[in-house]
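Below are the chains, spelled out letter by letter.
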Amino acid sequence: MSLTREHDYEPIPGLPDLLPEGEQIRWQGAPDWKDLAIFGLHVRKLSIYFALLLGARVVVQNNASAPMQDILVSTAILGVLAAVAVGFLTLFAWLAARSTMYTITNQRLVIRCGVTLPITTNLPFSLVESADLRVRDSGIGDLPLTLEIGSRPSWIMLWPHVRPWSIGRVQPMIRSVENAREVGETLAGALVAFKGAQRTSVSSNEQREQSAGNLSASAG
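Presented here is an overview of the structure given in this document. (Residues numbered from 1 in each chain as written. Predicted model: local features only at pLDDT ≥ 70, side-chain atom pairs only at ≥ 80, totals over all residues. Heavy atoms only, no water.)

## Here we look at the environment of L15
By the element assignment, L15 lies in the segment before β1 (25–29). On the accessibility criterion, L15 (1% relative accessible area) is buried. Sequence separation between L15 and T120 is 105 residues; the distance between their C-alpha atoms is 7.5 Å. If we skip the residues at most four places from it in the chain, L15 touches E10, I25, T103 and V110. (Helix = DSSP H or I, 4+ residues; strand = E, 2+ residues; numbered from the N terminus. Buried < 20%, exposed > 50% of the residue type's maximum accessible area, 1.4 Å probe, protein only. Contact = heavy atoms within 4.5 Å.)

## Section: helix α1 (residues 33–40)
Three or more residues of α1 are buried, namely D35, L36, A37 and G40. Considering only its buried residues, α1 is in contact with α2 (43–63), α3 (68–99) and β8 (173–177). Taking the backbone nitrogen of K34 as reference, a side-chain oxygen 3.3 Å away marks D32 as the first, capping residue of α1. Count one or two residues on from α1 and you reach H42, which has phi positive near 60 degrees. (Polar contact = N/O pair within 3.5 Å; in protein donor to acceptor, adjacent residues only side chain to side chain.)

## Brief notes about the packing of aromatic side chains
Enumeration according to the criterion identifies 3 aromatic pairs in this entry. Here the aromatic rings of Y49 and F50 are separated by 5.6 Å at their centres, their planes lie at 55 degrees, and the arrangement is tilted. For Y49, a relative accessible area of 48% puts it in the partly exposed group. Classification of F50 as buried rests on a relative accessible area of 17%. On the basis of an interplanar angle of 25 degrees and a centroid distance of 5.6 Å, the ring pair of F92 and W159 is categorised as stacked. A residue pair is termed long-range when its members are at least 10 positions apart, and F92 in helix α3 and W159 in the loop between α4 (155–158) and β8 qualify at 67 residues. Above the face of the F39 ring, R136 is positioned so that its terminal group lies 4.3 Å from the ring centre. (Phe/Tyr/Trp six-rings, centres within 6.5 Å; stacked < 30°, edge-to-face > 60°. Lys NZ or Arg CZ within 6 Å of the ring centre and 35° of its normal.)

Below, the structure is given as structure tokens:
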């Protein structure tokens, strides 16, 4: 008996198909789940919020001369609900990091994500206008991409691998990766090389068209 694991169907980890001829992988990686929980899902801020809320509740009930037993019971119930919410988000961060793979090639960025249903999003460099870099003190960081106007990847399908509040113009993001500065250099190098090759190709086509026009004029 053989067991099929979650992504065993992939011919290359993180990719749904074999790479076309001429395309090479430059980098692959996944989010750090702790960083994703803290900075992507804001687990730390939510924990502080619940702690303040519980403290304020105790103060208000105590000032209202509520019985101590009632204060303890109501605070405990609210504390359990808060712990469940924080625990759920933390678990989701772990599952999201486990199911995500970012792949940078010399032609595109591929994001495979999805906790329950794996989805692969291809972002050709021809659609990428720019890439930003945000690095934290730990060296872990995020790389949001600005796409050409009219490119509309699904915000819901990509979340949490998108820039917050970018619903109007969705910005896919390589999120919470270690050695973010090195990853940014790899992505920038791949983008520059691709754009340069594109400009060279366009210039060559224009020169061929101009030469063909000159030949037609001479023949006339």
